[in-house]
Amino acid sequence: MDYIKELENYDMEEMHKIVNCTPNAEDMQEALLGMDRIEHFYDLQASDMANGLVAGQQFETRMSASDCLALANYMYNQSEFRRAAQWFRLALHYIKVPRNSIVAKFYAPQRQELQKMFLISRLQEGSIDNLNNYLKELSQETENSLTHLRPKPPPNAIERGCRGQFPDRPKLVCRYNTTTTPFMRIAPLKEEEISRNPLIWLYHDVISDNEIVEITNLTRDDMIEGFTDNYTTPEQENRIFQVKIFEGVGGKLDKALVNRMADISGLNVGNHTELAIINYGLGSYFQEHSDYRDLQMHPELMEEGNRLFTFLFYMTDVPVGGATIFPAINITIQPKKGAALFWYNLHNNCEPNPLARHAVCPMIMGNRWERIYRCN
């Protein structure tokens, strides 16, 4: 009774806040989509993922039977039958049958259902003539590969980049930049030339730990869900990250970073700089896109102008996954805390440079915090 009285006195508003912070069905779908991306983009084996081996990194966590089943059902609903079959077999393997014979009876139907879904998944992509082989696969170790599979399609440029299959990029120039503005003579920055078409530079140690703490000191309520737009990815709208957007030049720290951009680029960035703080979580991925807009296709943006360049301040190290990819020029940049990536989106004649199209690989470990600035 005392417990009930305590509940009655509890602030119901606080309870609603707590409930609203718990994951919902949409969050579950996003998590499953993230796991789907990680397996697909990095060409991972389901059995390795279930055992915590991801992209060559061994993690302490392991997946349960219910985790594997959730992914199996998700893959099946996405018509990824080959991959669904692997996850159904893993779920079946991880189910622990209780020693108590009465309790075990409740598990029997679930095991039969998993066996049935495994076979249905195999038949969806296979042939009834191979049914006996599919039945044998049920009793095999989960590390054993499935047989009679159709060849996988070759990886595209984004997938090759995320898997580390691009050739080593040419060693261009590393130097201290002392020339773009007078201020750089007394406070030069470490500059690494990444590409000459498009022009891309990586600057090291350009944002301090204290500045990073101030920028990332945000709560969940401060940020909103970030979606792609019709100008960036006209094919479809995707939720990709948590974001906080500022118009103009923001606060004191933002003005300092905008001045730093001016020192690095030697350009007057003006007052039309778009500022955003972005956080990528597990499995978050930004498909190939451009920061420039096609003004001929979207004349309503003509007065606003196009995005001349982009600055990307990396505020966390990302040990696994989450790389920035320029697929047309076979370049991958792994985020490094305190660094800034700077590139031009337009040619000298202000025409868009399609080689500046880029993407972000799915996150595997940690969070990718970045501060992005686009200048018109």
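Residues numbered from 1 in each chain as written. Predicted model: local features only at pLDDT ≥ 70, side-chain atom pairs only at ≥ 80, totals over all residues. Heavy atoms only, no water.

Attention now moves to the overall build of the chain. Counting secondary structure elements, the chain contains 12 helices and 15 strands. Sorting the 376 residues of the chain into buried and exposed places 44% on the buried side. Contacts spanning at least 24 positions in sequence make up 69% of the contacts within the chain whose residues lie at least 6 apart. Of the roughly 21000 Å² of accessible surface on the chain, 51% is carried by carbon and sulfur atoms. (Helix = DSSP H or I, 4+ residues; strand = E, 2+ residues; numbered from the N terminus. Buried < 20%, exposed > 50% of the residue type's maximum accessible area, 1.4 Å probe, protein only. Contact = heavy atoms within 4.5 Å. Areas by Shrake-Rupley, 256 points an atom, 1.4 Å probe, with all protein chains shown as cover.)

In a beta sheet, neighbouring strands pair by backbone hydrogen bonds and run either parallel or antiparallel. Here we have four strands laid out as an open sheet, ordered E9-E14-E11-E12, and antiparallel in their pairing. Single-partner strands in this sheet number two, and they are strand E9 (286-289) and strand E12 (331-333). Direction aside, neighbouring strands of the sheet carry axes that sit 15° apart on average. As paired elements, E9 and strand E14 (residues 358-360) share two bridges and run antiparallel to each other. The residue bridging Phe286 from the neighbouring strand is Val360, located in E14. (Pairing = 2+ DSSP bridges. Axes fitted to C-alpha atoms, helices over the stretch in contact; angles between N-to-C directions.)

Going through the model one piece at a time under the given rule, you end up with 11 aromatic pairs. Residues Phe309 and Phe311 carry aromatic rings whose centres are separated by 5.8 Å and whose planes lie at 80° to one another, so their mutual orientation is edge-to-face. We classify Phe311 as buried; its relative accessible area is 0%. With centroids separated by 6.2 Å and ring planes inclined at 75°, the aromatic side chains of Phe309 and Tyr344 adopt a geometry described as edge-to-face. You can see Phe309 sitting in strand E10 (residues 309-314) and its partner Tyr344 sitting in strand E13 (residues 340-344), a full 35 residues away along the chain. An aromatic cluster is built from Trp201, Phe309, Phe311, Phe313, Phe342 and Tyr344, whose rings are joined through pairwise contacts. Arg368 extends its terminal NZ or CZ atom over the ring of Tyr280, reaching a point 5.2 Å from the ring centre. (Phe/Tyr/Trp six-rings, centres within 6.5 Å; stacked < 30°, edge-to-face > 60°. Lys NZ or Arg CZ within 6 Å of the ring centre and 35° of its normal.)

Once that is clear, we can look at the nonpolar core. Tyr42, Trp87 and Phe88 are the most contacted members of the largest nonpolar core, which totals 44 residues. Those elements that place two or more of their residues in this core are helix H3 (25-41), helix H4 (46-50), helix H5 (65-77), helix H6 (81-94), helix H7 (101-125), helix H8 (131-138) and helix H9 (157-162). In terms of nonpolar packing, the next biggest core, distinct from the first, is built from 25 residues, Val206, Ile207, Ile212 and Ala340 among them. (Core = buried A, V, L, I, M, F, W, Y, C linked by side-chain atoms within 4.5 Å.)

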